[in-house]
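An overview of the molecular structure
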Amino acid sequence: QVQVVESGGGLVQAGGSLRLSCAASGGTFTMGWFRQAPGKEREFVAAISRNGGSTYYGDFVKGRFTISRDNTKNTMYLQMNSLNSEDTAVYYCAGRRFAVVPTSDESTYDYWGQGTRVTVSS
């Protein structure tokens, strides 16, 4: 049984940093982060290939976030720096079972976590 579980969300001041983690069990997958802000649709944040050699970011990231993974721990990370109020959202981790290339298309992801909330105070 595949499970993906996010952690690391919380309250942070504007300009601060936060690192999210996603633990995946049941296999090694191409992984991605998505987020959903209050009243908005879910949007793509970043994705990473199975071996970590390829990454892909949403346009709004602009060098502030870094996605990485440690396959020895079956864990993916999202390091978020220079946070602002627009980054307030629930962040979701997702996995793609058979894919090799990371993608922003959420319809292609097979497994989803429950989300971890990030609140940035101004």
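Residues numbered from 1 in each chain as written. Predicted model: local features only at pLDDT ≥ 70, side-chain atom pairs only at ≥ 80, totals over all residues. Heavy atoms only, no water.

With that settled, consider unusual backbone geometry. Notably, K62 is not glycine yet its phi reads approximately 50 degrees, a positive angle. Along the chain, K62 turns up in the loop between β6 (55-57) and β7 (65-70). By relative accessible area, which is 72% here, K62 ends up exposed. A positive phi angle, near 50 degrees, is found at S82, a position not held by glycine. By secondary structure assignment, the location of S82 is in the loop between β8 (75-80) and β9 (89-96). The exposure class assigned to S82 is partly exposed, which follows from its relative accessible area of 44%. (Helix = DSSP H or I, 4+ residues; strand = E, 2+ residues; numbered from the N terminus. Buried < 20%, exposed > 50% of the residue type's maximum accessible area, 1.4 Å probe, protein only.)

On to the pattern of salt bridges. With the rule as written, the count across this model stands at four salt bridges. Across the pair R35 and E43 runs a salt bridge, and its minimum N-O distance is 2.7 Å. With its nearest N and O atoms 2.8 Å apart, the salt bridge here joins R35 to D87. In this pair, R35 sits in strand β4 (residues 30-36) while D87 sits in the loop between β8 and β9, placing the two residues 52 residues apart along the sequence. Each member of the pair R35 and D87 is classed as buried. (Salt bridge = Lys/Arg side-chain N within 4 Å of Asp/Glu carboxyl O.)

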